[in-house]
Amino acid sequence: IHKSFHIVHPAPRQVVRQSSSGLRAPRWSDHDTPEEFNFASSVVDYWAQMEKEGKRGSETALWWVNGQGDEVKWSFREIADLTRRTANVLTKACGLQQGDHLALILPRVPEWWLVTVGCIRTGIVFIPGTTQLTAKDIVYRLQASKAKAIVTTDTLAPAVDSVASECPTLKTKLLVSDHSREGWLDFWSLIRSASPSHTCIKSKTWDPMVIFFTSGTTGLPKMAKHSHGLALRSCLSSSRKVLQLKTSDLLWCMSDPGWILALVGCQFEPWTAGSTIFVHHLAQLDPKVIVQVLFKYPITQFLAAPSVFRMILQEKFTNLRFPTLEHCGTGGEALLPEELEQWRRHTGLLLHELYGQSETGMTCAVFRGMNIKPGSMGKAVSPFDIQIIDDKGNILPPNTEGNMGIRMKPTRPPGLFMYYENNPKASAKVECGDFYNTGDRATMDAEGYLWFLGRDDDIINASGYRIGPTEVENALAEHPAVAESAVVSSPDPKRGEVVKAFIVLNPEFLSHDKDQLTKELQQHVKSVTAPYKYPRKVEFVLELPKTITGKIKRSDLRKKEFGGMSSGKKT
Ligand code: BCO
């Protein structure tokens, strides 16, 4: 992969079609929704043009390192060039058209940025996924989404090949690698020969752009489909106030490329501001590496899940005074007030909470410079109008517990997902009066600060991952030792919450060594579904609590784990 970078650069400079006066700066007011919006032409091409005209200070838009001495630095002009080539590869070599679905399963490599922007240029709807997905997860995603193409690396290509025959719509497999593989198109060979000229589509703001698979309480993950409004949202003035990024900022957002946080935090937010995105390949979380990186590179903003900050603090480093770091943001799960205080004491920096879901992107936030109320996740990011509602969609008074609702009537705000693809029932279920019901319980004080309380369902949030219990229960059911199981959230000092499985064993396994069996079952779950879902805690029981109709009462087990405290953190 790394060799390929050197072959391609420097990207040929090409004349940007629009004159600078014809390009609009990527800024809109909160309630100004243009009919047409495209992140590639409005943001990437805008900054490329600014570079060309010598009006942009920083030369680097993407700065990637892998910890082994390899480094990629691309300017906006190079990114504009490479993403136009990518667009041509997708439409010509891969034969894809606007509206087609493409599964994108890449680790933190520069090609991820090329494919996402290439898709946006062409209107191809991309479906990011984490590299932890197994063959079983991949076949489900390809079938459910009817994806016509997949982009991945050598690591997952064999898993894709093992299920490709079960995916009739899958026509193109595109490989990001130094090696070729039979039946796969080679990304970099095609990029090198592709034309750097491409006319970006004029996408309507409400045209589809991206799909995220997201776990629910029951069944398999649903497909939350977003329009180009998700990217437009980063151009609205309220969003610009959250991180207050400048062109001189170097932002490191650690999110895995499979999550919505990566698209918003590692792409839309920093590039809208003309900032530099910093990426460390980081295949596995290592607090020591993170700390070294924060000392070594001139990073000014750092975004990561609370578990990451927690893990850094637990290592008890002697010095956490980072020379250039100015702002830290955190989201994906709840941050405890004592963690915020510890981080401030050790680093001299505040931790600013962000909250969002795959369905919503950045929903509320502790804006930079805002008075922090420890334990609160800040205020709604306009144009989202967040209210605490009852089960009928009535707005509740301040400081009253209820569901967090985002107003979607009479006007659906840009950034809120369109619907669950091919699932009108699920889409209707989250509509509550004039609001989208997030399923998260919270209160709002008189000043508009939101205080997260927990999920109103059985969804588990473990170190920022949203996990549906049935996905884990179904994986466990495939093991011969398991008669039945119930999977719930359980508190954990490192990860906030972890997955816990209560398991009833089949009689012939009752005498087996329980520690050995626990390891075997954990390994089994890791092998059949994405490993982040595996039960870190296992308890063998003789029976599960059930209702009179035989339904497992997960809530009883959850209460037992939390000793009456609320559970189920942010998704
Ligand atoms: O703990 P174990 O070592 O036993 O197992 C780990 C991994 O080693 C293992 N694993 C990973 N890849 C594997 C694999 N095993 C087999 N094959 C593979 N290919 O599986 C377990 C995975 O657990 P993990 O991912 O939690 O691992 P880790 O390294 O401890 O990472 C910690 C975190 C904090 C970095 C990670 O949990 C994380 O990234 N969490 C944040 C998730 C996130 O970004 N959420 C945001 C969602 S979007 C949102 O909220 C909207 C906001 C606007």
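Throughout what follows, the structure given in this document is the object of discussion.

**Observations regarding the overall build of the protein**
Of the regular secondary structure elements, the protein holds 17 helices and 27 strands. The globule rule puts the C-alpha radius of gyration for 571 residues at 25 Å, and the 23 Å found for the protein is close to it. Contacts in the protein between residues far apart in sequence, at least 24 positions, make up 69% of those at least 6 positions apart. Carbon together with sulfur atoms contributes 52% to the accessible area of the protein, which is approximately 22,000 Å² in total. Of the side-chain charges in the protein, 68 are positive and 61 negative, and the distance between the mean point of each set is 3 Å.

**Some remarks on the pairing of strand β12 (residues 301-304)**
Residue alternation in β12 divides its side chains into two sets, Gln 301 and Leu 303 and Phe 302 and Ala 304, and both sets are buried. As defined by bridge partners, strand β10 (residues 250-253) adjoins β12 across three bridges and the pair is classed as parallel. Pairing of Trp 252 across the sheet is with Phe 302, part of β12. Strand direction decides the pairing type here: β12 and strand β13 (residues 327-331), joined by four bridges, are parallel. Looking at the pairing, Ala 304 lines up with Thr 330 of β13. Considered for its hand, the β-α-β crossover made up of β12, helix α12 (residues 306-314) and β13 is right-handed.

**Notes on the nonpolar core**
As a rule of thumb, soluble globular proteins bury nonpolar side chains together. The biggest cluster of nonpolar side chains holds 106 residues, and the ones touching the most others in it are Leu 102, Trp 252, Trp 271 and Phe 302. When residues in this core are grouped by element, the largest group, eight residues, is from helix α2 (residues 39-52). Apart from the residues within four sequence positions on either side, Leu 102 is in contact with Leu 90, Leu 96, Val 115, Cys 119, Ile 124, Val 125, Phe 126, Ile 127, Ala 149 and Val 151. Ala 103, Ala 164, Ala 462 and Tyr 532 belong to the second-largest nonpolar core, a separate cluster that totals 39 residues.

**Remarks on helix α15 (residues 469-477)**
By the criterion of burial, α15 is predominantly enclosed, with seven of the nine residues buried. Turning to α15, its buried residues number three or more, namely Pro 469, Thr 470, Glu 471, Val 472, Glu 473, Ala 475 and Leu 476. Looking at the buried side of α15, the elements it contacts are β23 (460-462), β24 (465-467), β25 (482-492), β26 (496-505), α16 (514-528) and α17 (554-562).

**With respect to the sheet that holds β10**
In sheet architecture, strand pairing relies on hydrogen bonds along the backbone and comes in two forms, parallel and antiparallel. The mixed open sheet is built from nine strands, whose spatial order is β2-β1-β11-β10-β12-β13-β14-β15-β16. Each of the sheet's edge strands pairs with one partner strand only, and the pair in question is β2 (71-74) and β16 (379-380). In the sheet, strand β14 (residues 351-357) pairs with strand β15 (residues 361-365) via four bridges, with the strands oriented antiparallel. Residue pairing in the sheet places Gln 357 in a bridge with Gly 361 of β15. Against the sheet, helix α3 (residues 76-93) contacts β1 (62-65) and β2, and its axis sits at roughly 95° relative to β2.

**What about the pattern of salt bridges?**
Going through the model one piece at a time under the given rule, you end up with 37 salt bridges. When the shortest N-O distance is used, the salt bridge between Arg 407 and Asp 385 registers 2.7 Å. Note that Arg 407 is positioned in strand β18 (residues 402-407) and Asp 385 in the loop between β16 and β17 (386-389), a separation of 22 residues in sequence. The salt bridge partner of Glu 539 is Lys 560, with a shortest N-O separation of 3.5 Å. On the criterion of sequence distance, the pair formed by Glu 539 in strand β27 (residues 537-540) and Lys 560 in helix α17 is long-range, its members being 21 residues apart. Residue Glu 539 is classed as partly exposed on the basis of its relative accessible area, which comes to 26%. One network of salt bridges, in which partners are shared, links Asp 458, Glu 473, Arg 554 and Arg 558.

**A short note on the packing of aromatic side chains**
Counted by the stated rule, this structure contains 22 aromatic pairs. Between Phe 417 and Tyr 420 the ring centres are 4.8 Å apart and the planes differ by 50°, which places this aromatic pair in the tilted class. In this structure, Phe 417 and Tyr 420 share a single accessibility class: buried. Ring centres of Phe 417 and Tyr 436 lie 5.4 Å apart, and the angle between their planes is 70°; on these two criteria the pair is classed as edge-to-face. Of the two residues, Phe 417 is situated in the loop between β18 and β19 (419-420) and Tyr 436 in strand β21 (residues 435-444); the sequence distance between them amounts to 19 residues. For the pair Phe 417 and Tyr 436, a shared accessibility class is recorded, and that class is buried. An aromatic cluster is present here, built from Trp 63, Trp 252, Phe 278, Phe 295, Tyr 297, Phe 302, Phe 309, Phe 322 and Trp 343 joined pairwise through their rings.

**A short note on the site of the ligand**
Among the 23 residues in the neighbourhood of the ligand, the closest are listed as Ser 463, Tyr 465, Arg 495, Tyr 534 and Arg 536. Between the ligand and Tyr 465, the relevant distance is 2.6 Å, taken from an oxygen atom to a side-chain nitrogen or oxygen of the residue. Summarising the interface, the protein chains cover 77% of the accessible area of the ligand, which totals 1,100 Å² for the free molecule. Class assignment for the residues of the shell around the ligand results in ten nonpolar, ten polar and three charged.

**Focus on the sheet that holds β25**
Spatially, three strands are ordered β25-β26-β27 in an open sheet, and the strand pairing comes out mixed. In this open sheet, the two edge strands, each paired with only one partner strand, are β25 and β27. When the angles between neighbouring strand axes are averaged without regard to direction, this sheet yields 25°. Relative to β27, β26 is paired through four bridges, and the arrangement is parallel. Counted as the bridge partner of Lys 500 is Lys 537 from β27. Packed on one face of the sheet, α15 meets β25 and β26 and runs near 140° to β25. Along the sheet, α16 contacts β25, β26 and β27; its crossing angle with β27, the most-contacted strand, is approximately 130°.

**So, α3**
Its 18 residues place the ends of α3 24 Å apart at the C-alpha level, agreeing with the 26 Å of an ideal helix rising 1.5 Å per residue. Of all the 18 residues making up α3, 14 are buried; the element is thus mostly covered by neighbouring parts of the structure. Positive backbone phi, approximately 65°, marks Gly 95, located one or two places after α3.

Each value, and the rule that gives it
Residues numbered from 1 in each chain as written. Predicted model: local features only at pLDDT ≥ 70, side-chain atom pairs only at ≥ 80, totals over all residues. Heavy atoms only, no water. Helix = DSSP H or I, 4+ residues; strand = E, 2+ residues; numbered from the N terminus. Rg over C-alpha atoms; globule rule 2.2 N^0.38 Å. Contact = heavy atoms within 4.5 Å. Areas by Shrake-Rupley, 256 points an atom, 1.4 Å probe, with all protein chains shown as cover. Lys, Arg positive; Asp, Glu negative; His and termini not counted. Charge placed at Lys NZ, Arg CZ, Asp CG, Glu CD. Buried < 20%, exposed > 50% of the residue type's maximum accessible area, 1.4 Å probe, protein only. Pairing = 2+ DSSP bridges. Right-handed = clockwise from strand over helix to strand, strands pointing away. Core = buried A, V, L, I, M, F, W, Y, C linked by side-chain atoms within 4.5 Å. Axes fitted to C-alpha atoms, helices over the stretch in contact; angles between N-to-C directions. Salt bridge = Lys/Arg side-chain N within 4 Å of Asp/Glu carboxyl O. Phe/Tyr/Trp six-rings, centres within 6.5 Å; stacked < 30°, edge-to-face > 60°. Near = heavy atom within 4 Å. Polar contact = N/O pair within 3.5 Å; in protein donor to acceptor, adjacent residues only side chain to side chain. Nonpolar A, V, L, I, M, F, W, Y, C, P; charged D, E, K, R; others polar. Expected span 1.5 Å × (residues − 1).

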